[in-house]
Amino acid sequence: MRSSTSAGVRVGLAPRLMLAQVLVLGASVITAGLVAAFVGPPLFHHHMLQAGHGPNTPELAHIEEAYRAASFVSLGVALVIALVCAAAVTWYVTRRLQAPLGALSRAAREVSRGHLGARVGEFGSGAEFEELGRAFNLMATQLEQTEDTRRRLLSDLAHELRTPIATLTIYCEGLRDGVTTWDDDTERVMTQQTQRLARLAADLDDVSRAEEGRLALERSPTSVRDLLWSAGQARREAFAREGIEFIGEVEECPDVDVDVDPRRMGQVLDNLLANALRHTHHGGSVRLSAQVVADAVEISVSDTGDGIPAEQLPHVFERFYRGDTARDRDRGGSGLGLTISRAIADAHQGSLVASSPGPGKGSTFTLSLPVFTRLPH
């Protein structure tokens, strides 16, 4: 690893580490020399007088001179040995540090070039470097997953746009060339495809706002019974047209309130009921119910429809995800309904989970929201 000084000269880790040790050793030797020069001789002279030597005898002066010379020679030898040890320690420590830092640097360069599969292995250089390596690998994994999601999103979005755009293009060309006339069927198709594009754009905006925490919520204490009743009434006729029994357990619902945005929460329940409608066949049933569990209300939408394979359960809330049992793409919505619903639930400090016994055995989506507790006056 190298860093730039203020003068623009790139200095490596080893020279800087060696310089730091030399400065510390130099400061230590200078301190010891000053102590030996100014503190040692008076103490030595005092002890020699106590030992019986005369204050002005020639041998006393010679002994004191020998003491000073020995002190400075010892300090000089100690300095040389310390510098040799410092160089050895610098070489060892630098080698231990440069290997993991070099590996991290190379992996970071690979990631910066778009090779998101780059990872670092075990360093064996201490717990701190192992933790740094794990953090880097986690970051690289998350970046790789984000990039995969982005690519899949763009691919799915292009696929979603292709059908309505192609349909609109064909009809526009037909109208221009006189092959098609503007009649009720043409108006219906053009309106449906335009609405499909508008719905896709609105759903994309909603999911991006929700996941980025920019979703505006107008929260107020709202009765759970009112939420269930409104959601059931909005979809009851659609279930009847498909020959599906709808069971809305409004009267059995606990009489509690939740602090939510009623419009957004109605959007969540409508998405869940629409999803159940798409995956339940004629003669099946869909049940909307609620119960209080601890300090939360669990609102469930259960159906007797296609069910969800175990391997697909972790993916049902991903953007544009559709299971193999989706009947067709036109009836499948934008593919963002469940993604938006979970994001809205998260924005309300709640949760949305899916469960299913398996294919052909139906599925249950459970929305959990904190119970609103009114403070006493």
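Residues numbered from 1 in each chain as written. Predicted model: local features only at pLDDT ≥ 70, side-chain atom pairs only at ≥ 80, totals over all residues. Heavy atoms only, no water.

- By the naming in an unreviewed UniProt entry, the protein is histidine kinase, taken from Intrasporangium calvum.
- UniProt annotates the protein under Subcellular location (unreviewed entry) with the comment "Cell membrane".
- Looking at the Catalytic activity (unreviewed entry) heading of the UniProt record, one finds this comment for the protein: "ATP + protein L-histidine = ADP + protein N-phospho-L-histidine." (UniProt positions renumbered as here; feature names shortened; annotations may be inferred.)

**Considerations on the nonpolar core**
Part 1: In this structure, Val224, Ile299 and Leu367 are the most contacted members of the largest nonpolar core, which totals 45 residues.
Part 2: Going through the elements one at a time, helix 5 (184–211), helix 6 (224–241), strand 5 (257–260), helix 7 (262–279), strand 6 (285–293), strand 7 (296–303), helix 8 (337–347) and strand 9 (363–370) are the ones with two or more residues in this core.
Part 3: If you tally residues by element for this core, the top one is helix 7, at seven residues.
Part 4: Excluding residues within four positions of it along the chain, Leu367 makes contact with Met265, Val268, Leu269, Val297, Glu298, Ile299, Ala345, Ser351 and Leu352.
Part 5: Formed by seven residues, the second largest nonpolar core is a distinct cluster that contains Leu104, Val111, Ala118 and Val120. (Core = buried A, V, L, I, M, F, W, Y, C linked by side-chain atoms within 4.5 Å. Buried < 20%, exposed > 50% of the residue type's maximum accessible area, 1.4 Å probe, protein only. Helix = DSSP H or I, 4+ residues; strand = E, 2+ residues; numbered from the N terminus. Contact = heavy atoms within 4.5 Å.)

**Let's talk about the confidence of the model for the protein**
Part 1: Scored by pLDDT, the protein comes out at a mean of 80, with 82% of its residues at no less than 70.
Part 2: Ignoring residues within four places in sequence, the model shows residues 1–8, a span with pLDDT below 50, making 15 contacts including any to other chains.
Part 3: Here residues 325–332 is modelled with pLDDT under 50, and outside its nearest four sequence neighbours on either side it reaches 20 contacts, counting other chains as well. (pLDDT = per-residue confidence, 0-100.)

**Some points on the packing of helix 6 against helix 7**
Part 1: Two elements in contact, helix 6 and helix 7, have axes whose closest approach is 9 Å; the angle formed by their N-to-C orientations is 35°. In this structure, the crossing between helix 6 and helix 7 has a hand that is right-handed. In this structure, helix 6 contributes Leu227, Ala231, Gly232, Arg235, Ala238 and Phe239 to the contact, and helix 7 contributes Pro262, Met265, Leu269, Asp270, Leu273, Ala274 and Leu277.
Part 2: Among the residues making up the contact of helix 6 with helix 7, the classes are represented as 10 nonpolar, one polar and two charged. (Axes fitted to C-alpha atoms, helices over the stretch in contact; angles between N-to-C directions. Left-handed = near helix turned anticlockwise from the far one by under 90°. Nonpolar A, V, L, I, M, F, W, Y, C, P; charged D, E, K, R; others polar.)

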